[in-house]
Amino acid sequence: MVLIEIKRAYRLTAKELATRLGISLNAVRHHLKELEAEALVEYERQHRGVGAPAFAYRLSAAGEALFPRRYESTLTELLDYVVEHDGRATAVAVLEARYDALTRRLQSELAGATPAQRMAAVTRLLSDEGYMAEGTASAETGTLIEHNCAIQAVAQRFPEICAAEARFLAAALNAEVDRQGHILSGCSACEYRVRFTDANASGADESQSEESA
């Protein structure tokens, strides 16, 4: 649970972790010491006003590697083959086709659904794919956050997939989406602001969230 909380928040002090997890500060410090010994977390000193600096913990590269990278190695090898034989444009088209298929599937399943229901379905699907997604939706707006990129190495080589993801979210949610945070740009998560555009918005539940760790 310590690693998951740090992954979600990017950087946390021992005191912040204790509050989030509802356990003692000593217990958190014990867990952090063990994780440090295994090289799964690292820390940096942060000055927060007057007093001694705080130690904010984040995941190390080894810690990040513990989180899902869904089919990343196999997919990278397949894309290398496609690039070599058919060119980069074909490889990008293959990646985009996956999102097109997901869009058709969700649009069929969620015909007539409220924005809150669509947000719940999309976050559930993304979490099943390893993205550690959570989303909230009110009558007109929402936020969707992906705490993990399940194919980060692929996205680094083919950033076009990030644009395809944004198009998928817009189509599946029937909304305008604006990316506010991007893992490839060094952010701790990919975060989207959502503005629903269809007539069902007036009938949406006041709020809805879906989360999977």
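From a predicted model like this one, the values you see are computed outputs, not experimental measurements.

### A look at the overall build of the chain
Then comes step 1: Each helix and strand in the chain was counted, giving nine helices and eight strands.
Then comes step 2: Sorting the 213 residues of the chain into buried and exposed places 42% on the buried side.
Then comes step 3: Contacts spanning at least 24 positions in sequence make up 57% of the contacts within the chain whose residues lie at least 6 apart.
Then comes step 4: A total accessible area of about 11300 Å² is found for the chain, and carbon and sulfur atoms account for 49% of it.

### Here's the deal with unusual backbone geometry
Then comes step 1: In the Ramachandran plot, Met132 falls in the positive-phi region, its phi being about 50° despite a non-glycine side chain.
Then comes step 2: For Met132, the location among the structural elements is in the loop between helix H7 (115–128) and strand E4 (133–137).
Then comes step 3: By relative accessible area, Met132 is classed as buried at 5%.

### Examining empty space enclosed by the protein
Then comes step 1: Using the criterion set out here, one finds one cavity of 30 Å³ or more in the structure.
Then comes step 2: Quantified by volume, the largest cavity comes out at close to 120 Å³.
Then comes step 3: Surrounding the largest cavity, 15 residues form its lining, Tyr131, Cys149, Ala155, Cys162 and Glu165 being those nearest its centre.
Then comes step 4: At the level of secondary structure, the elements contributing two or more residues to the lining of the largest cavity comprise helix H9 (160–173) and strand E7 (190–196).
Then comes step 5: By residue number, the principal contributor to the lining of the largest cavity is H9, which donates three residues.

### Points about the environment of Glu5
Then comes step 1: For Glu5, the location among the structural elements is in helix H1 (residues 2–9).
Then comes step 2: Taking relative accessible area as the criterion, Glu5 reaches 11% and is therefore assigned buried.
Then comes step 3: Leave out the neighbours within four places in its chain, and Glu5 touches Leu12, Leu17, Arg20 and Leu21.

### Observations concerning the packing of aromatic side chains
Then comes step 1: What the rule picks out here adds up to three aromatic pairs.
Then comes step 2: Between Tyr43 and Phe55, the ring centres sit 5.2 Å apart and the planes meet at 80°, which makes this aromatic pair edge-to-face. Residue Tyr43 is found in strand E2 (residues 41–46), and its partner Phe55 is found in strand E3 (residues 54–59); the two are separated by 12 residues along the sequence.
Then comes step 3: Connected via pairs of aromatic rings, a cluster forms that spans Tyr43, Phe55 and Tyr57.

### A closer look at helix H3 (residues 25–37)
Then comes step 1: The terminal C-alpha atoms of H3 lie 18 Å apart, and with 13 residues this matches the ideal 18 Å at 1.5 Å per residue to within 8%.
Then comes step 2: Buried within H3 are the following residues: Val28, Leu32 and Leu35. Looking down the long axis of H3, one finds its buried residues gathered within 60° of arc, a one-sided arrangement. Residues of H3 that are exposed and point over 90 degrees away from its buried face: Asn26, Lys33 and Ala37.
Then comes step 3: On its buried side, H3 packs onto H1, helix H2 (14–21), E2 and E3.
Then comes step 4: Following H3 by one or two positions, Ala39 adopts a phi angle in the positive range, close to 60°.

### Quick look at the packing of H1 against H2
Then comes step 1: Put simply, H1 and H2 touch, their axes get as near as 11 Å, and they point 110° apart. The pairing of H1 with H2 is recorded here as roughly perpendicular in orientation. Between H1 and H2 the crossing geometry is right-handed. Every residue of H2 that contacts H1 at Val2, Glu5, Ile6 and Ala9 is listed here: Leu17, Arg20 and Leu21.
Then comes step 2: Classifying every residue of the contact of H1 with H2 by side-chain character gives five nonpolar, no polar and two charged.

### Observations concerning the environment of Arg29
Then comes step 1: Of note, Arg29 is situated in helix H3.
Then comes step 2: For the pair Arg29 and Ala18, spaced 11 residues apart in sequence, the C-alpha to C-alpha distance is 8.9 Å.

### Topic: the confidence of the model for the chain
Then comes step 1: Averaged over all residues, the pLDDT of the chain equals 85, while 88% of them reach at least 70.
Then comes step 2: Counting contacts from residues 199–213, a segment whose pLDDT is below 50, to residues more than four positions away or on other chains yields 44 contacts.

### Focus: the pattern of salt bridges
Pairing between side chains becomes possible if they bear opposite charge and their charged atoms approach one another.
Then comes step 1: Applying the stated rule across the entire model yields 12 salt bridges.
Then comes step 2: The residue Glu5 makes a salt bridge to Arg20 at a minimum N-O spacing of 3.3 Å. Separated by 15 residues along the polypeptide, Glu5 in helix H1 and Arg20 in helix H2 bring together distant segments of the chain.
Then comes step 3: Classification of Arg20 by relative accessible area gives partly exposed; the value is 47%.
Then comes step 4: Residue Arg11 is joined to Glu44 by a salt bridge in which the shortest nitrogen-to-oxygen separation is 2.9 Å. Within this pair, whereas Arg11 is found in the loop between H1 and strand E1 (12–13), its partner Glu44 is found in strand E2, the two being separated by 33 residues in sequence.
Then comes step 5: Residue Arg11 is classed as partly exposed on the basis of its relative accessible area of 26%.

Reading the values: rules and limits
Within each chain, residue numbers correspond to sequence positions counted from 1 in written order. Local features in a predicted model are, by the rule used here, given only for residues with pLDDT of at least 70; side-chain atom pairs are given and counted only at 80 or more, and totals for whole chains, interfaces and linings are based on all residues. Excluding hydrogens and water, the side-chain figures rest on all heavy atoms present in the structure. In this text, helices come from DSSP runs of H or I with a minimum length of four residues, and strands from runs of E with a minimum of two, each type numbered from the N-terminal end. Buried means the residue's accessible area, taken with a 1.4 Å probe over protein chains only, is under 20% of the maximum for its type, while exposed means over 50%, and partly exposed covers the values in between. Whether two residues are in contact is decided by their heavy atoms: any pair within 4.5 Å suffices. We get accessible surface area from the Shrake-Rupley algorithm with a probe of 1.4 Å; when it comes to residues, only the shown protein chains can shield them. In this analysis, the protein atoms alone were mapped onto a 1 Å grid. Cavities are point sets where a 1.4 Å probe fits without being able to get out; pockets are open sets with protein on both sides within 12 Å along at least five of seven lines; lining residues have an atom within 4 Å of a point. Grid points are joined across faces, edges and corners, and a volume is the space filled by probe spheres set on the points. Only centres within 6.5 Å qualify two rings of Phe, Tyr or Trp (six-membered ring in Trp) as a pair; their planes then separate them into stacked at under 30 degrees, edge-to-face at over 60, and tilted for everything else. Each helix should span, by expectation, one fewer than its residue count multiplied by 1.5 Å. Each direction from the helix axis to a C-beta atom contributes to the arc, which is the arc of those directions. Between the N-to-C directions of two axes lies an angle of 0 to 180 degrees, each axis being a line fitted to C-alpha atoms and, for a helix, fitted only over the stretch in contact. For classification purposes, an angle smaller than 35 degrees is called roughly parallel, one larger than 145 roughly antiparallel, one from 65 to 115 roughly perpendicular, and anything else oblique. The hand of a helix crossing depends on one turn: near helix anticlockwise from the far one by less than a right angle means left-handed, and clockwise means right-handed. Residues are grouped as follows: Ala, Val, Leu, Ile, Met, Phe, Trp, Tyr, Cys and Pro are nonpolar; Asp, Glu, Lys and Arg are charged; every other residue, Gly included, is polar. pLDDT is a residue-level measure of predictor confidence that goes from 0 to 100. When a carboxyl oxygen of Asp or Glu lies within 4 Å of a side-chain nitrogen of Lys or Arg, that pair is called a salt bridge.

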